[in-house]
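What follows is the residue order along each chain.
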Amino acid sequence: MHPNEIIEVLNRPTSQELLARDLTRLAHVAKDGTPRNIPIGFTWNGSEIVMCTSKNAPKLRSLSEHPMAALTIDTEVHPPKILLIRGRAELDFVDDIPAEYLRAPSTYEITPEQRAGWEAEVRSLYHDGMVRIVVTPTWAKLIDFETTLPSAVEELIRQRAERQRG
């Protein structure tokens, strides 16, 4: 997929709505070679998906050995809206709490007192820092079931049209 095609997909209004959500599902290959798919908070900075985790998270060893990752961001309504992203995960070990992590829960309803308590807990727990998992999209697809469909469904529609013409 060419970079301009990726940008076009990610700049669509529905993609932008999905990129403003709180959770993605990160798929990667685990150390034992089996697939893993985990929910994780994320931030979209306009060119990269940034996820933050503890320095002892098992996924870090897996991602350092097999850095290709896939992300799914979707809705729970009908018809669903689904943004699929693939890319290479880069690991950025930091000695502090990344700003992206501190901003991540900002869409949740939380009082200033709750936020202060949450941030104090985060700073206490991750006192030696965190790891930023940064994925730059190399492929993207939006499925909204109105203007875009899964490729297999598109193929079935094409086959049905051919049968009906035949």
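You'll find the structure just up there.
Residues numbered from 1 in each chain as written. Predicted model: local features only at pLDDT ≥ 70, side-chain atom pairs only at ≥ 80, totals over all residues. Heavy atoms only, no water.

### Notes on the pairing of strand 1 (residues 23-29)
- Side chains Thr24, Leu26 and His28 project from strand 1 onto a buried face, and the interleaved Leu23, Arg25, Ala27 and Val29 project onto a face without burial.
- Bridge count between strand 1 and strand 2 (residues 35-41): 7 bridges; the pairing is antiparallel. Paired with Arg25 across the strands is Pro39, a residue of strand 2.
- In sequence, strand 1 turns back onto strand 2 through a hairpin of 5 residues, with Gly33 there showing a positive phi of about 90°.
- Sheet topology note: the strand 1/strand 5 (residues 68-74) ladder contains 3 bridges and is antiparallel. Across the sheet, residue Ala27 finds its bridge partner in strand 5, namely Ala70. (Buried < 20%, exposed > 50% of the residue type's maximum accessible area, 1.4 Å probe, protein only. Helix = DSSP H or I, 4+ residues; strand = E, 2+ residues; numbered from the N terminus. Pairing = 2+ DSSP bridges.)

### Digging into helix 3 (residues 58-65)
- Among the residues of helix 3, those classed as buried are Lys59, Leu60, Ser62 and Leu63. On an axial view of helix 3, the arc spanned by its buried residues comes to 165°, and they lie on one face.
- Its buried side turned inward, helix 3 meets strand 1, strand 2, strand 4 (49-53), strand 5, strand 6 (82-94) and strand 7 (130-143). (Arc of directions from axis to C-beta. Contact = heavy atoms within 4.5 Å.)

### A word on the pattern of salt bridges
- All told, the structure shown has 12 salt bridges when counted by the stated rule.
- Of the charged contacts in the structure, one is a salt bridge between Arg21 and Glu76, with a shortest N-O distance of 3.1 Å. Highlighted residues: Arg21 in the loop between helix 2 (13-19) and strand 1 and Glu76 in the loop between strand 5 and strand 6, separated in sequence by 55 residues.
- Judged by relative accessible area, Glu76 falls into the exposed class, the value being 63%.
- Notably, a salt bridge pairs Arg88 with Glu90, separated by 3.5 Å at the nearest N-O pair. (Salt bridge = Lys/Arg side-chain N within 4 Å of Asp/Glu carboxyl O.)

### Overview of the sheet that holds strand 4
- Taken together, 7 strands build an open sheet; the order of strands is 2-1-5-6-7-4-3 and the sheet is antiparallel. Looking at strand neighbours, the two that pair on one side only are strand 2 and strand 3 (43-44), the edges of this open sheet.
- Two strands pair when backbone bridges link them, and strand 6 and strand 7 are joined in this way by 13 bridges, in the antiparallel orientation. Across the sheet, residue Glu90 finds its bridge partner in strand 7, namely Val134.

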